[in-house]
Amino acid sequence: MADLYVDGAWRKPMHGGLRHIHCPADGRRVASVSEGTREDAEDAVRAARWAFDEGPWPHTPERERGAVLLRVAELLERRAGDVARAESLDTGKRLVESEYDVADVVACFRYFGSVAGTSPGRVVDTGRADAISRIDYEPVGVCGLITPWNYPLLQAAWKVAPALVAGNTFVLKPSELTPSTSVMLMKLLEEAGLPAGVGNLVLGAGSEVGAPLAEHSYVDLISFTGGLGTGQRIMEASAATVKKLALELGGKNPNVVFADADVETALDFALTAVFLHSGQVCSAGARLVVQDSLHDDFVDELVRRAQLIRLGGPFDDRTETGPLISAAHRAKVEEYVATGIAEGAVLRCGGRRPDEAGLDEGYYYLPTILDECHQGMAVVHEESFGPVLTVERFTDEDNAVQIANDTEYGLAGAVWTQDAGKAQRVARRMRHGTVWINDYHPYLPQAEWGGFGRSGIGRELGPAGLDEYREPKHIWQNIDPRPQRWFSG
Ligand code: NAD
């Protein structure tokens, strides 16, 4: 049974809690893990505080900290198969997707491991001969890292790697639905030589383990990925202690297709944009915004192809996409679709559970397309986080940009056109943290990820992703100090 990792030791939770993890593809039990409580969170925060204030990690040369990350990357690469399998069992996603995720995690650790020591600070011109000035970067302190269930290991890596290289200590709180690969990650960190107390793992529910991290006066920063409502609760909980916050929240991402696009490629990507991982992707292209003159042919063909998508379990080679994470989540998706139809959306395909034998034990939902949608509908402006595509029409470039930006979120979006000038103009006007031109979904550890608007605060990955975990400190030195005589006495 997987335990909690606190102060360099694996231990049982104080109140002996236990949680069974079930695979969403068939409901069978795939793991049993310790279930921590508020007291365990307290213990882990104290360990992280001590390790930061008294331990060697914040003062270890950055290159040595980076070397630990590079060792983790190497170890993870060797165990990639086991880790990917565990990720698929917890999340129900296709094994090949989990394998991609693990490869991305290795790349993330390699990136942050290799930037270690490359930005030691900067000298500032004081404009004076008698003073020198420089900016140093110091770790923020104790970080509470709270992650969701859709990309459990990847989201943990995006936080753990920069937090460590910057010299922080942390308490990681993964989603209670998908803890297995976070346990594996902590084992790799231990094996890679992370000193005791620097990395701590507490499993458990958000209200029991996550909330105390946000409230605690010993925690200096919360980096959270998850839903908007939870992010807002974390902001409130951390207000009293004025914590630094990095929030990666949801998205309602427009995939804008002009009539002059390469239609075959745009069709192919429109499907992956929304139906990858059954739409449980924060950057999913869940809003198709298509030019009027292309609309009918494009949507007809999309509907035909969506109906061919094969649902199934993670280890079946024929599976093209998997189940939703839980019965409760599927019920939420069903409600969004029902409300959308009641508000006037036209159901073109899906809109129900599959009736294929063998899928009835899992939380499956058919790829769904709702046509003739508009921003007034909840299914268009709120995250359903399921395999649901809404279709909106636009007339011209200005109208496309207006619809693409008509969302309180601003995480990601795409524009499809063969007119390079138009592509650049539209991409620049879209108020989203990532914009793809004639593509969908790629990202790089070297490039910032994050959102405008209510998609969050701050960035992950890239140089700005590292800066979230560093405090710039200005050090001024007067090299020829003399009395100033500002006051006459
Ligand atoms: P969630 O908000 O329900 O939970 C996320 C994490 O927060 C979990 O670990 C949960 O236990 C914890 N939590 C719950 N209540 C808490 C509280 N009061 N205090 C502290 N922690 C608490 O999100 P989810 O359902 O796990 O994930 C889906 C959401 O994540 C979607 O909205 C999706 O868009 C978002 N997401 C965003 C990104 C991004 O990069 N912007 C990436 C992945 C997922």
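Right above here is the structure, for reference.
S.K.: Help me out: how do you make sense of the overall build of the chain in this one?
M.R.: Check the secondary structure of the chain and you find 15 helices and 20 strands. Overall, the chain is about 80 × 55 × 40 Å in size when its C-alpha atoms are taken along their principal axes. For the chain, the residues scored as buried account for 56% of the 489 residues in total. In the form shown here, the chain has an accessible surface area of approximately 20,100 Å², with 51% of it arising from carbon and sulfur atoms.

S.K.: Even after reading the chapter, I still don't get helix α5 (residues 152–165), so can you show me in this structure?
M.R.: Every α-helix carries 3.6 residues per turn, so stepping three or four residues along brings you back to the same face. Taking 1.5 Å as the rise per residue, α5 with 14 residues should run 20 Å; its terminal C-alpha atoms sit 20 Å apart, in good agreement. The buried fraction of α5 is high, at 14 of 14 residues. Within two residues after α5, Gly167 carries a phi angle of roughly 100°, on the positive side.

S.K.: Explanation requested: the sheet that holds strand β15 (residues 368–371) in the structure shown.
M.R.: Working definition: the strands of a sheet are paired by backbone hydrogen bonds and lie parallel or antiparallel to each other. Strand order across the open sheet formed by seven strands is β14-β15-β16-β13-β12-β17-β18, with mixed pairing between neighbours. The outermost strands of the open sheet, each flanked by one partner alone, are β14 (346–349) and β18 (434–437). When strand polarity is set aside, the average angle formed by the axes of neighbouring strands in this sheet is 20°. In the sheet, strand β13 (residues 287–291) pairs with strand β16 (residues 388–394) via five bridges, with the strands oriented parallel. The partner of Val289 across the bridge, within β16, is Glu392. The sheet strands contacting helix α11 (residues 327–342) are β14, β15 and β16, and the helix crosses β15 at an angle near 25°. Sitting on the sheet, helix α14 (residues 420–429) is in contact with β17 (412–416) and β18, with an inclination near 165° to β18.

S.K.: Quick question: what am I supposed to make of unusual backbone geometry here?
M.R.: Leaving glycine out, the prevailing phi sign among residues is negative, and the prevailing peptide bond configuration is trans. A positive phi angle is found at Phe385, which is not glycine, with a value near 60°. The phi dihedral of Leu461 is positive, around 65°, even though this residue is not glycine. Of note, Leu461 is situated in the loop between β19 (456–457) and α15 (462–467). The buried category is assigned to Leu461, whose relative accessible area is 1%.

S.K.: Looking at this model, I keep getting lost on the packing of helix α2 (residues 62–78) against α5. Mind explaining?
M.R.: The description of two helices packed together rests on the angle between their axes and the distance between the axes. For the pair α2 and α5, the least separation of the axes is 8 Å and the interaxial angle reads 155°. Classified by the angle their axes make, α2 and α5 are roughly antiparallel. Two secondary-structure elements touch here, α2 through Glu62, Arg65, Gly66 and Leu69 and α5 through Ala161, Leu164 and Val165. Of the residues that constitute the contact of α2 with α5, the class distribution is four nonpolar, one polar and two charged.

S.K.: Please clarify how the site of the ligand should be interpreted in this entry.
M.R.: Around the ligand, the structure places 28 residues, and the nearest of them are Lys173, Glu176, Thr230, Leu249 and Glu383. One of the backbone N or O atoms of Ala211 is found 3.4 Å from a nitrogen atom in the ligand. Within the side chain of Glu383, a nitrogen or oxygen atom sits 2.6 Å from an oxygen atom of the ligand. Contact with the protein chains hides 88% of the accessible area of the ligand, taken as 850 Å² for the molecule alone. Counting atoms within 2 Å of the grid points, the majority share of the ligand lands in the largest pocket. At the level of elements, α7 (206–215), β10 (221–225) and α8 (228–239) are the ones that each hand at least two residues to the shell around the ligand. Split into classes, the residues belonging to the shell around the ligand amount to twelve nonpolar, eleven polar and five charged.

S.K.: Sorry if this is basic, but what is going on with the sheet that holds strand β5 (residues 122–124) here?
M.R.: In space, the three strands of this open sheet follow the order β5-β6-β20, with antiparallel pairing throughout. What marks the edges here is a single partner per strand, and that holds for β5 and β20 (470–478). In this sheet, neighbouring strand axes are inclined to one another by 30° on average, regardless of whether the strands run parallel or antiparallel. Sheet topology note: the β5/strand β6 (residues 131–139) ladder contains three bridges and is antiparallel. From the neighbouring strand, Val123 faces β6, where its bridge partner is Arg134.

S.K.: Explain the side chain of Thr434 here, please?
M.R.: Take Thr434: it is sitting in strand β18. When residues no more than four places from it in sequence are discounted, the contact partners of Thr434 are Leu411, Ala412, Gly413, Glu448, Trp449 and Gly450.

S.K.: Explain the environment of Glu42 here, please?
M.R.: Secondary-structure assignment places Glu42 in helix α1 (residues 38–53). C-alpha of Glu42 to C-alpha of Ala404: the two residues are 362 residues apart in sequence and 44 Å apart in space. There is a polar contact of 3.0 Å between the side chain of Glu42 and the side chain of His216.

S.K.: Explanation requested: the packing of aromatic side chains in the structure shown.
M.R.: Two descriptors summarise a pair of aromatic rings, namely the distance from one centre to the other and the angle between the planes of the rings. Taken as a whole, this structure holds ten aromatic pairs when the rule is applied. Ring centres 5.5 Å apart and planes at 75° place the aromatic pair Trp149 and Phe385 in the edge-to-face group. Placement of the pair is Trp149 in the loop between β7 (142–146) and α5 and Phe385 in the loop between α12 (378–381) and β16, with a sequence separation of 236 residues. With a relative accessible area of 16%, Trp149 lands in the buried category. Relative to Trp449, the ring of Trp158 lies with its centre 6.1 Å away and its plane at 70°, an arrangement referred to as edge-to-face. Highlighted residues: Trp158 in helix α5 and Trp449 in the loop between β18 and β19, separated in sequence by 291 residues. Aromatic rings pair up to connect Trp158, Trp436, Tyr440, Tyr443 and Trp449 into one cluster.

S.K.: Looking at this structure, how should I read the layout of surface pockets?
M.R.: One simple way to see leftover space: roll a probe sized like a water molecule over the atoms. Considered as a void within the structure, the largest pocket measures approximately 1,000 Å³ in volume. Among the elements of the structure, α7, β10, α8 and α11 are those that each provide at least two residues to the lining of the largest pocket. Here the residues of the lining of the largest pocket sort into 17 nonpolar, 16 polar and nine charged. Estimated volume of the second largest pocket: approximately 500 Å³.

What counts and what doesn't
Residues numbered from 1 in each chain as written. Predicted model: local features only at pLDDT ≥ 70, side-chain atom pairs only at ≥ 80, totals over all residues. Heavy atoms only, no water. Helix = DSSP H or I, 4+ residues; strand = E, 2+ residues; numbered from the N terminus. Buried < 20%, exposed > 50% of the residue type's maximum accessible area, 1.4 Å probe, protein only. Areas by Shrake-Rupley, 256 points an atom, 1.4 Å probe, with all protein chains shown as cover. Expected span 1.5 Å × (residues − 1). Pairing = 2+ DSSP bridges. Axes fitted to C-alpha atoms, helices over the stretch in contact; angles between N-to-C directions. Contact = heavy atoms within 4.5 Å. Parallel < 35°, antiparallel > 145°, perpendicular 65-115°, else oblique. Nonpolar A, V, L, I, M, F, W, Y, C, P; charged D, E, K, R; others polar. Near = heavy atom within 4 Å. Polar contact = N/O pair within 3.5 Å; in protein donor to acceptor, adjacent residues only side chain to side chain. 1 Å grid on protein atoms, 1.4 Å probe; cavity = no way out; pocket = protein on both sides within 12 Å on 5 of 7 lines; lining within 4 Å. Sits in = over half its atoms within 2 Å of the grid points. Phe/Tyr/Trp six-rings, centres within 6.5 Å; stacked < 30°, edge-to-face > 60°. Points joined across faces, edges and corners; volume = space filled by probe spheres on them.

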